[in-house]
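Chain by chain, the residues run as shown.
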Amino acid sequence: MVAIAAQTYPHTPLSDAALAALTPSGRAPDLRITPAFLCGVTLNIAGAVLRAWSFKTLGVFFTGPVFIRRDQRLITTGPYAFVRHPSYTGALAVVVGPVLALFVSKGSYAAHALATDAWWSLPARAAFWALMAWRVVVTGYLLPRRAMDEDRLLREEFGEEWEVYAQRVPYRMFPYIW
């Protein structure tokens, strides 16, 4: 955003300093806000809001490791009325959003910053794509597995109450999908 603003309002000391620091050539004529950027930023913000809402709804029952507290209740309100694992849905959005915003389209910051003939450009591009792919693949693999583990644990702990909830809210992370 800083580089885009600096490109939009050029030839000021602050703009020149920002472009020099953030771009290889000190200018970024092709840098712009794209639909992919807007989608990515929106997805990132929505994911963060969904996670915060999930944490607030769970309250003291939110834990890092998957386990059942002694005084645990089955939470079925707030975002849990739509999907059984909304925090994971939000986490996936927070991971995928920056990939869309920064890497997907021409005019994106990464496309501009890494489009150079400098010796480091090819390894830097490869490293950026590998990191983003790793984030998406690992998150896309681990969160659904964890959701299934939590479902199993909740089913064992809450029995019929969980079965009724799972029938009412059949989707783990994505409404009408999974």
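Structure's up top.
In this convention, every chain numbers its residues from 1, walking through the sequence in written order. Per-residue local features are limited, in this predicted model, to residues with pLDDT of at least 70; the limit for side-chain atom pairs, both in listing and counting, is 80 or more; totals at the level of whole chains, interfaces and linings are taken over all residues. Only heavy atoms go into the side-chain values, all of them from the structure, while hydrogens and water stay out.

1. Looking at the pattern of salt bridges
In plain terms, the rule: We count a salt bridge whenever a side-chain nitrogen from Lys or Arg sits within 4 Å of a carboxyl oxygen from Asp or Glu. Here a helix means four or more residues in a row that DSSP labels H or I, a strand means two or more in a row labelled E, and each is numbered from the N terminus. Exposure classes here rest on a 1.4 Å probe applied to the protein chains alone. A residue is buried below 20% of its type maximum, exposed above 50%, and partly exposed in between.
If you walk through the whole model with that rule in mind, you get six salt bridges. Residue Asp151 is joined to Arg84 by a salt bridge in which the shortest nitrogen-to-oxygen separation is 2.7 Å. Taken together, the residues Asp151 in helix 6 (residues 121-158) and Arg84 in the loop between helix 3 (35-58) and helix 4 (86-103) connect sequence positions 67 residues apart. In this structure Asp151 comes out as buried when scored by relative accessible area, which is 2%. Exposure remark for Arg84: the relative accessible area of 9% places this residue in the buried category. One salt bridge in this structure joins Arg172 and Asp151, with 2.7 Å as the shortest N-O distance. With Arg172 in the segment after helix 7 (160-168) and Asp151 in helix 6, this residue pair connects regions lying 21 residues apart in the sequence. Like Asp151, Arg172 is buried. Three or more residues joined by partner-sharing salt bridges are found here, namely Arg84, Asp151 and Arg172.

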